[in-house]
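Residues per chain, in single letters:
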Amino acid sequence: MRCREGLTHVSTEDNTNTSAQVHTTRIPVRWSDFDRFNHLNNVSYIEVAQEARTAFAQDEFAARGLPIPAVFVRRTEVDYFRPILPDTTAVEIDTTVVQIGTTSFTTHQSIKDRNGTVCCTVDCVQIAVDLATSSPRAITKHELGVLTQVADSAVINEATSADDSAETSADD
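Residues numbered from 1 in each chain as written. Predicted model: local features only at pLDDT ≥ 70, side-chain atom pairs only at ≥ 80, totals over all residues. Heavy atoms only, no water.

Looking now at the environment of Thr121. Its place among the elements puts Thr121 in strand β6 (residues 118-130). Spatially, the C-alpha atom of Thr121 lies 9.2 Å from that of Ile93, the residues being 28 residues apart in sequence. If near-sequence neighbours (up to four positions away) are discounted, Thr121 is found in contact with Glu77, Val78, Asp79, Phe81, His108, Gln109 and Ser110. (Helix = DSSP H or I, 4+ residues; strand = E, 2+ residues; numbered from the N terminus. Contact = heavy atoms within 4.5 Å.)

On to the pairing of strand β5 (residues 104-112). Counted residue by residue, β5 has 7 buried out of 9 residues, so it is predominantly covered. Alignment of strand β4 (residues 90-100) against β5, held across 8 bridges, turns out to be antiparallel. The residue bridging Glu92 from the neighbouring strand is Lys112, located in β5. Turn length for the β4-β5 hairpin, with the two strands adjacent in sequence and antiparallel, is 3 residues. Bridge count between β5 and β6: 9 bridges; the pairing is antiparallel. Bridge pairing in β6 places Lys112 opposite Val118. Taking the residues that link successive antiparallel strands as the turn, the β5-β6 hairpin has 5 residues, and the phi of Gly116 there is positive, at about 85°. (Buried < 20%, exposed > 50% of the residue type's maximum accessible area, 1.4 Å probe, protein only. Pairing = 2+ DSSP bridges.)

The subject of this paragraph is the side chain of Asp123. Note on placement: Asp123 falls in strand β6. Side-chain polar atoms of Asp123 contact the side chain of His108, separated by 2.5 Å. With residues up to four places along the chain from it excluded, the contact list for Asp123 reads Arg75, Thr76, Glu77, Thr107 and His108. (Polar contact = N/O pair within 3.5 Å; in protein donor to acceptor, adjacent residues only side chain to side chain.)

Attention now moves to the nonpolar core. Counting 15 residues, the largest nonpolar core has Ile84, Val91, Ile93 and Ile111 as its most contacted members. Of all the elements in the fold, those that place two or more residues in this core are α1 (42-60), β4 and β6. Counting residues per element, this core draws most heavily on α1, which supplies 4 residues. Excluding its chain neighbours within four sequence positions, the residues that come into contact with Ile93 are His23, Thr24, Thr25, Ile27, Val48, Ala52, Gln109, Ser110 and Ile111. Counting residues in hydrophobic clusters, the runner-up holds 14 residues, among them Val97, Leu147, Ala151 and Val155. (Core = buried A, V, L, I, M, F, W, Y, C linked by side-chain atoms within 4.5 Å.)

That is the geometry; function is a separate question.
In structure tokens, the structure reads:
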């Protein structure tokens with residue numbers, strides 16, 4: 001992945017309309033991100049979404065002194081709504097965790113142009129892996145704690161009740 005200068009973490013804030021914590025990142029777009037039709041190339045949307053997920057991991061895990069978990073992308077679903085034109089010099093990407101499983105989690109990202117208009121959404125399923133075996137592994141309690149910080153409240157309730165039932169089963 002190419003690094004971009006000027007990548008900035010904007011905020012992690014409570015979005016009261018959806019009861020979710022939102023991690024927001026601004027990423028500058030480059031001249032090379034635009035195609036011959038003078039709009040952001042479809043692959044560039046996926047690249048900036050990946051950069052925002054990396055910023056999310058750095059801000060949410062590393063900033064707490066925790067290692068950034070190794071994850072593999074299992075699935076990416078992209079919906080394009082409108083083009084991003086060259087008058088946008090930086091895109092803003094909101095990242096929220098929308099599902100947490102035993103070995104995977106899903107992020108939902110909204111990519112916005114200079115006017116704050118959502119031009120694209122990206123849903124990405126990421127699987128926690130053991131790098132030594134390249135096999136899926138369970139999400140740790142520390143990772144779950146961080147993921148629920150930027151999750152919809154319904155996801156938090158599901159994740160904590162699954163964790164509670166797993167602890168109850170282990171105690172039996």
